[in-house]
Amino acid sequence: MKSLFSWQRLWVGLVSLTLALLAHGEVVENTSFSEPKTTLRFACWGGADEVKSMRGYATRFVEKNPEIRLDIGVYPWGQYWAKVQTQMASGLAPDVLQFYSGSFGVWVARDALMPLDDLVKADGIDLGEFFPVTLENCRWNGRLFALPTDIAIWSLVYNKDALEQSGVPSSKWPTAEKPLEWNDFTQLTKQLTLRSADGNFAQYGMSAGQNWNLSMIGKEGGDFVDRPVNPTASTVVGNENLAQGIIDTFSQQYAERSTLGSKPLASGAFTVNSDTLLLNPKFAMGTTGPWALKELKDAGIRFGVSPLPRGKKSHSLINVNSVCIYAKSKYPKEAFKFIKFLASAEIAKERGSTLGGIPAVKGAVDSFIHNKYNIPGCEAFIYDLTVSTPTLTASTTEVSKARDGWLKLLEEDLDAEYNKRSDGLTAAQYPKFVEDMKALIGKRVRERLPELDEKLKSALSTNRRPSMSWGSTFGLPVAAVVLLLLVTWGYLRSVARSKTISQSGWGGKGSAIGYAFISPWLFGLGAFVIGPILAAVLLSFTDWNMIASPRWVGLSNYITLSQNPGFYGGIRTTFSYALMAIPISLCGGLFTAAMLSSGIRGADLFKALIYFPALFTGAETAVLWTNMLNKDHGVLNYVLSWLHISPIDWMDSSHAFLSVVLMNFFWVGGAMIIYYAGMKQIPTSLYEAAELDGATPARKFVKITIPLLSPVILFMIVMTTIGSFQVFTPALFFAGSSTEIGGPGDSLRFYSVNIYDAAFNNLKMGEACAQAIILFFLIFLITFLQMKLSKRFVFSEHES
Amino acid sequence: MKRFWIYLGLCSISLVLMFPFYWVVVSSLKSVAGMNLEPPAMYPAEQAVSSVRLPTASRWFEAEHSTWFLLLRSKNLVAKTAAEGGYYVQVKDEKPSKLVNWYSDSEVKAVQPSRKELAFENVPVNLVKGSERVVLAKMARQKEGGFNEILFCTEAGGAQTQVSALLNVVHSDVRFAKAQWSNFGKALAGPEASIGGKSSGFLLFMRNSFFISIMAVVGQILSSSLVAFGFSRIQFRGRELLFVVLLATLMVPGQVTLIPLFYIYKSLGWIDSFLPLIVPHFTAGAFNVFLVRQLMLGIPRELDESAEIDGASKWTIYRKIILPNCKPILIVVGLFTFVSTWQDVMGPLIYLDNPNSRTVSLGLEYFRSPYVDNRPLLMAGALLSMIPVAIIFLFAQRYILAGIATTGMKG
């Protein structure tokens, strides 16, 4: 008993130590004011720089409003939404949230945000202060849900030296006040594109940086959907303006190549950030936002800024950063004070004068144009702001995903064609090549548009629910659950019975002790496993956005899933992954283990070396992998170039899947160690006997090692299959951000990615739970089948 | 001969598998510019670039010497065939004094960039050759700072400096090895410090991570050995059934339990403390129980039977007989637990708010910024975060490599 007591003391000590470290979020308050205070929780995203500037704003705010205490959380962009949603779902939601226009729709459509109209009226704040277009991205069905803080716009930036050198008279240079006409712009890019005799590019006239394609596609006045905010219908079919916009945009990139397309740009090592592309003398023009200008200036680049070129109309896209109040915030008045402060001219002037972003408030335009760094030409951004349309903001991320995915695949296709056809081209063939490519681009775009239309239509209808009868709403779910419980119970019992070795210990004293020993696990099962699983089962029959209370919808989630091609796509991707990962781990593991157990010296060292990489599968290796796999400055392609293999874009939609599969080679050590352990258990007498019979090593391996190892092999296959269904991290770092997870081009839409996407990008927790339940049974079924099938092949000592 | 092939195979596999680690080390010592070199430098390399300011007032230069050569080096230079004269390009060794070869305008060709050879496609300036002298023409049309290298030299050599005085420029692009040890200092100072703010610092993250991971290790070792003992050594009602349930919990996807779990911890008032990251480890992970149980099944039953005859309680059998025999697998369990808690990002992110309670893996996320290229810092941080795992592996590897028997071939 004495030793038990010391365990308890240890436990108590640990818990109290942990509690001592109990911490709070970062709280900013005015300590000179001691009256009772309201604590406002504020969440925003960013890295270290945002942490710093937010701290500054918060300090100033609490000085003016001492009755408010601010609890600020700045979260990394990649995990911002997951964090905020988890807090919301359990009632710990921040009162004030930061949004950008792309994500705003999902939230507002699901009633997560508080309408601000009444607060605006009560406060008397003049909405006319804001540029009208910025408010468009904050409104939903006529009501205001957010206040814009700053805007991101990418305008045209050019290198004056490059223009000078190409002999462009300064009278023809783009100006900050007026956009170039598309035709003049096309001429200019051609003039600035310099090719050497062998076809290599000495200078690119233009480059398709951030938002370039989407902005230019709209220059003829065509758009993908009927309206950018809360779209209801696809407007792709028969939209000549849209088709023309797409064809013009891509013709520049993949026929003339007077503009370097975003695909070759992204894979190239020109610069990490396309906003500061002009740092590279290879580019005469590019796109950039105000935040990048200082870096260009510091590098000594002589640049000018101009609005984006115009076709039938001027067009650019804006991304609006805004602040909102959580729908259920207890302190709407205080929260409004804070968002008003964040959206005020005071902050906007500050951010404007340091070129942090384009101010949403008209009153801050002057300090933006006459900024602290004396960078001229910022009028261009203001011009683009006034002619811009809001970013596509739908009630589901599927809409923009459908559009962007389509564009990406189209571009990859054109890029491949360009590379194929331009290979070994002589100068004489060049004009014909351009004409052919133009014709091809026109053909491909028109061919593929109906496909886009279909995608958009299905994306726009993903939020519609199938109509449900009473039976499928209540009867069937209950019946299904009961049936499943019975089946599971029966199965578990039969397994339990068949495996019970002796009946001697049933009941009585042994049971109590047994349960005492497994009590830690039983406790965990009850507290942290059963509860959440039951919750997931129940939630799978509801529509739950993690904000409002769940609404019972019966089998609706399952029916929606069964009609969703993305769901089957996820299963397919996962299975193909498993089918490729299993042989890698099996062959790699067996091969290395066999070599190691052949009795060589130094086996321990090799074992350690091969096993070591298997320890590092976490997200912190993402930056390493993306760095190594980069098409142009990645070390992998560099090494392959020694073998005369031309560069491969490991991270595009056609190779990303392969790359993720191949990464399994680095984790082969995990399997190796287990096979090695299995091999060590095989009695050496068997080998000795075989040797006497004159068996070759290969024969021994096939006839002795493999059969005796078969239980281990089966175990590893089962584990790898389960692991494949949970693979997630690689998808995250190939997509770049968690909102684009599954990309590039849906190539990494694993099953687990679909679950994450439904839950955290589209606020459909019910559907995510339904997928998880299906997954559970899927894994169960696969494991069961593997066990059954293997009965015949797996060696068992009991039988022989 | 057979041995030779085995060694060759193992050596090459190990080399390939260890290469990413070599790359982390190299990258963490690079500068941002060094990271963007193309082709990538296989060692921490720098490019010496002194910034170029061509005088803007005068754009024509003349030189008295009869053989001045202007060398402009960049991977791809702007092509512009000068109608009014030729241009001369010198391909030479790294040192300007050693002139190896030179081309006239008709011979200017793209030379594949490689280390020893200078690369040219074309030269953007016009060098008009006079009878006695070379005139450097229209120099300033080139971008300021646009070149990787501009060298001026005469056959006599050493003229580089003279011309640089004349033109106020010398731009060189010579790669040389240089390690940025300061990356580690910056990484240790923490993400906010890297942009000039106040930061809680990497060492604090380390302390937090260590605390959480070690607690988790203690919890898993204690609980999984107890539970495994129960499952392998004691007969009780429903044992097999519960064991199947235990294995089934392996298949529950984490994304779904995340929110209900958060709700539970919130009700317990554990949010913003390390408890949610530690306490569950005291309730035995299913896979760990499985591993430990497999080993326990291999321990001969005669041992406990004879002890039981001597009147030992189950607890004594567990403490005195089974536990000492389980040391290898418990070390393995400990390592697995340490590694997974150490690398966990989602848990700390969801449950912790205070900058002072960030863990290493979470803290690293704050080095990422869409606007600043922090990759060398990220790499340095990643390397620092890998070191404890590597050290622990060093100590525990003997046990892991001795083998993890996952299947009771004997039992």
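In every chain, residue numbers begin from 1 and rise along the written sequence. Chain labels run from A onward and ligand labels from 1 onward, assigned in the order the entries are written. Whole-chain, interface and lining totals are the exception, using all residues; otherwise, since this is a predicted model, local features are given only for residues with pLDDT of at least 70 and side-chain atom pairs are given and counted only at 80 or more. Hydrogens are left out, water is left out, and the side-chain values use all remaining heavy atoms of the structure.

## Overview of the overall build of chain A
Within chain A, the regular secondary structure consists of 32 helices and 19 strands. Only the C-alpha atoms count toward the radius of gyration. The rule for a globule is 2.2 Å times the residue count to the power 0.38. Expected size for 800 residues packed as a compact globule is a radius of gyration near 28 Å; at 31 Å, chain A falls within 12% of this value. Across its three principal axes, chain A shows a C-alpha extent of roughly 95 × 80 × 55 Å. As presented, chain A carries roughly 32,700 Å² of accessible surface, and 60% of it is formed by carbon and sulfur atoms. Within this scheme the basic residues Lys and Arg register as positive and the acidic residues Asp and Glu register as negative, but His and the chain ends are omitted. Taken as the charge centre is NZ of Lys, CZ of Arg, CG of Asp or CD of Glu, depending on the residue. When the 72 positive and 67 negative side-chain charges of chain A are each reduced to one mean point, those points stand 7 Å apart. Counting from the N terminus, the helices are DSSP H or I runs at least four residues long and the strands are E runs at least two residues long. Residue burial considers only the protein chains on display, and all accessible areas are found by Shrake-Rupley using a 1.4 Å probe.

## Description of the overall build of chain B
Along the backbone of chain B there are 15 helices and nine strands. Remark: exposure states derive from per-residue accessible area (1.4 Å probe, protein chains only) relative to the maximum for the residue type, with buried under 20%, exposed over 50%, and partly exposed in between. Residues counted as buried form 57% of the 411 residues belonging to chain B. Pairs of residues are marked as contacts when any of their non-hydrogen atoms sit within 4.5 Å. Pairs at least 24 apart in sequence give 72% of the contacts found in chain B among residues at least 6 apart. About 16,700 Å² of surface is accessible on chain B, with carbon and sulfur atoms providing 60% of the total.

## A few points about the packing of aromatic side chains
We describe a pair of aromatic rings using the distance from one ring centre to the other and the angle between the two ring planes. Residues and elements named next belong to chain A. Between rings of Phe, Tyr and Trp, where Trp is taken as its six-membered ring, a pair exists when centres lie within 6.5 Å; planes separated by under 30 degrees are stacked, by over 60 edge-to-face, and by other angles tilted. The final tally for this structure, using the stated rule, is 65 aromatic pairs over all chains. What links up through ring pairs into an aromatic cluster is the set Trp45, Tyr80, Trp81, Phe99, Tyr100 and Trp107. In this structure, arginine 257 is placed above the aromatic ring of tyrosine 418, and the distance from its NZ or CZ to the ring centre is 3.9 Å. Counted as over-ring charges are cases with an Arg CZ or a Lys NZ within 6 Å of the ring centre that also lie within 35 degrees of the ring normal. When the ring centre of tyrosine 373 is taken as origin, the NZ or CZ atom of lysine 294, which lies over that ring, is 5.2 Å away.

## Section: the side chain of asparagine 137 of chain A
Residues and elements named next belong to chain A. You can see asparagine 137 is positioned in the loop between α6 (132-136) and β5 (139-140). Here a polar contact means two N or O atoms within 3.5 Å. Within protein one must be a hydrogen donor candidate and the other an acceptor candidate, and residues neighboring in sequence count only if both atoms are side-chain atoms. There is a polar contact of 3.3 Å between the side chain of asparagine 137 and the backbone nitrogen of threonine 391. For asparagine 137, the contacting residues outside a window of four places in its chain are Ser101, Phe104, Val229, Ile318, Val320, Pro390, Thr391 and Thr393.

## A look at the confidence of the model for chain B
All names here are of chain B. Values of pLDDT, ranging from 0 to 100, describe the predictor's confidence in every residue of the model. With 62% of its residues at a pLDDT of 70 or more, chain B shows a mean pLDDT of 67. Under a pLDDT of 50 for its full length, residues 49-173 has, in the predicted model, 272 contacts with residues more than four places off or in other chains. Below a pLDDT of 50 lies the segment residues 407-411, which in the model reaches twelve contacts outside its immediate sequence neighbourhood of four places, other chains included.

## Section: the pairing of strand β4 (residues 96-100) of chain A
Residues and elements named next belong to chain A. In terms of residue burial, β4 counts as a mostly covered element, since four of its five residues are buried. Here, strands pair whenever DSSP counts at least two bridges between them. Bridging between strand β2 (residues 38-45) and β4 involves two bridges; their strand directions are parallel. Within β4, the position partnered with alanine 43 by the bridge is leucine 97. In the sheet, β4 pairs with strand β15 (residues 317-325) via five bridges, with the strands oriented antiparallel. Its bridge partner being in β15, leucine 97 is matched across the sheet by cysteine 324.

## Some words on the pairing of strand β3 (residues 68-75) of chain A
All names here are of chain A. Burial analysis of β3 places seven of its eight residues in the buried class, which makes it a mostly covered element. Across eight bridges, the pairing between β2 and β3 is parallel. In the strand pairing of β3, threonine 39 is matched with arginine 69.

## So, the pattern of salt bridges
Side chains that differ in sign of charge can pair as their charged atoms come close. Residue and element names in this part refer to chain A. The rule for a salt bridge is simple: a side-chain nitrogen of Lys or Arg has to be within 4 Å of a carboxyl oxygen of Asp or Glu. Here the structure, examined in full by the defined rule, presents 37 salt bridges over all chains. Of the charged contacts in the structure, one is a salt bridge between aspartate 436 and lysine 432, with a shortest N-O distance of 2.9 Å. Of the two residues, aspartate 436 and lysine 432 both sit in helix α18 (residues 430-460), four residues apart, roughly one turn of that helix. Aspartate 436 sits in the partly exposed class, given a relative accessible area of 32%.

## Things to note about the environment of phenylalanine 665 of chain A
With respect to the helices and strands, the residue phenylalanine 665 of chain A is situated in the loop between α26 (656-663) and α27 (668-680). Under the relative-accessibility criterion, phenylalanine 665 of chain A is labelled partly exposed at 42%. Note: C-alpha distance between phenylalanine 665 of chain A and glutamate 447 of chain A (218 residues apart in sequence) is 40 Å. Sequence-distant contacts of phenylalanine 665 of chain A, that is, excluding residues within four places in its chain, are made with Ile584 of chain A together with Leu17 of chain B.

## Topic: a nonpolar patch on the surface
Candidates for patches are residues over 30% relative accessible area with no salt bridge; among them, like charges are joined within 9 Å and nonpolar side chains (Val, Leu, Ile, Met, Phe, Trp, Tyr) within 5 Å. A cluster of nonpolar residues, Met580, Leu658, Leu662 and Phe665 of chain A, forms a patch on the protein surface that exposes about 310 Å² of accessible area. Looking at the secondary structure, you find leucine 662 of chain A in helix α26.

## Quick notes on unusual backbone geometry
Residues and elements named next belong to chain A. One non-glycine residue, leucine 355, lies in positive phi territory at about 55 degrees. Take leucine 355: it is sitting in the loop between α14 (345-353) and β16 (358-359). The class of leucine 355 is buried, set by a relative accessible area of 2%. For asparagine 374, which is not glycine, the phi dihedral falls at a positive 55 degrees. Mapped onto the elements of the fold, asparagine 374 is located in the loop between α15 (365-369) and α16 (379-387). Residue classification places asparagine 374 among the exposed positions, given a relative accessible area of 62%.

## Brief notes about the environment of proline 115 of chain A
Residues and elements named next belong to chain A. By the secondary structure assignment, proline 115 is in the loop between α4 (101-109) and α5 (117-123). Note on proline 115: relative accessible area 31%, which makes it partly exposed. In the structure, proline 115 is positioned 28 residues away from arginine 143 in sequence and 6.5 Å away in space, judged by C-alpha atoms. Every residue in contact with proline 115, bar those within four places of it in the chain, is listed here: Arg143, Leu144 and Phe145.

## Re the sheet that holds strand β14 (residues 303-306) of chain A
All names here are of chain A. Judged by pairing direction, the sheet is antiparallel, and its three strands sit side by side in the order β13-β8-β14 without closing on themselves. The sheet is open, and its two edges are formed by β13 (285-288) and β14, each paired on a single side. Taken over all neighbouring pairs, the strand axes of this sheet differ in orientation by 30 degrees on average, direction set aside. Only the stretch in contact is used when a helix axis is fitted, and all axes are lines through C-alpha atoms; the angle between N-to-C directions ranges over 0 to 180 degrees.

## Here's the deal with helix α3 (residues 80-89) of chain A
Residue and element names in this part refer to chain A. Counting buried residues in α3 gives ten out of ten residues, a clear majority hidden from the surface. Residues Tyr80, Trp81, Ala82, Lys83, Val84, Gln85, Thr86, Gln87, Met88 and Ala89 constitute the buried set of α3. Count one or two residues on from α3 and you reach glycine 91, which has phi positive near 80 degrees.

## Observations regarding the packing of helix α5 (residues 202-233) of chain B against helix α11 (residues 314-325) of chain B
Residue and element names in this part refer to chain B. Viewed as axis vectors pointing N to C, α5 and α11 meet at an angle of 110 degrees, and their least axial separation amounts to 11 Å. On the basis of the axis angle, α5 is roughly perpendicular to α11. Of the residues in α11, those in contact with Leu222, Ser225, Leu226, Phe229 and Arg233 of α5 are Lys314, Trp315, Ile317, Tyr318, Ile322 and Leu323. In this classification, Asp, Glu, Lys and Arg are treated as charged, Ala, Val, Leu, Ile, Met, Phe, Trp, Tyr, Cys and Pro as nonpolar, and every other residue, Gly included, as polar. A breakdown of the residues in the contact of α5 with α11 according to their chemical character gives eight nonpolar, one polar and two charged. We call two directions roughly parallel when the angle between them is under 35 degrees, roughly antiparallel when it is over 145, roughly perpendicular when it lies between 65 and 115, and oblique otherwise.

## Quick word on the confidence of the model for chain A
Keep in mind that low pLDDT regions are not for reading the predicted coordinates in detail. Residues and elements named next belong to chain A. This prediction gives chain A a mean pLDDT of 82; 90% of its residues lie at or above 70. Every residue in residues 1-5 scores below 50 in pLDDT, and together they form two contacts with partners more than four places removed in sequence or on other chains. This model gives residues 500-508 a pLDDT under 50, and the stretch forms eleven contacts once residues within four places in sequence are excluded.

## Some points on the side chain of serine 224 of chain B
Relative to the assigned elements, serine 224 of chain B resides in helix α5. A polar contact of 2.4 Å, which involves the side chain of serine 224 of chain B, links it to the backbone oxygen of glutamine 220 of chain B.

## Examining the packing of helix α31 (residues 751-761) of chain A against helix α32 (residues 765-790) of chain A
Residues and elements named next belong to chain A. The interhelical angle for the contact between α31 and α32, taken along N-to-C directions, is 160 degrees, at an axis separation of 7 Å. For the element pair α31 / α32, the angle class is roughly antiparallel. Note on packing geometry: the crossing formed by α31 with α32 is left-handed. Contacts between α31 and α32 involve Tyr751, Asn754, Ile755, Ala758 and Ala759 from the former and Met765, Ala768, Gln771, Ala772, Ile774 and Leu775 from the latter. Its residues assigned to classes, the contact of α31 with α32 comprises nine nonpolar, two polar and no charged. Helix crossings fall into two classes, left-handed where the near helix is turned counterclockwise from the far one by less than a right angle and right-handed where it is turned clockwise.

## Here we look at α18 of chain A
To estimate how far a helix should reach, multiply one less than its number of residues by 1.5 Å. In this model, α18 of chain A (31 residues) spans 43 Å end to end at C-alpha, consistent with the 45 Å of a helix rising 1.5 Å per residue. Axes are fitted to the seven residues ending at a residue and to the seven starting at it; the angle between these axes is taken as the bend at that residue. At leucine 449 of chain A, α18 of chain A shows its largest kink, close to 35 degrees, and the proline proline 450 of chain A lies no more than four residues downstream.

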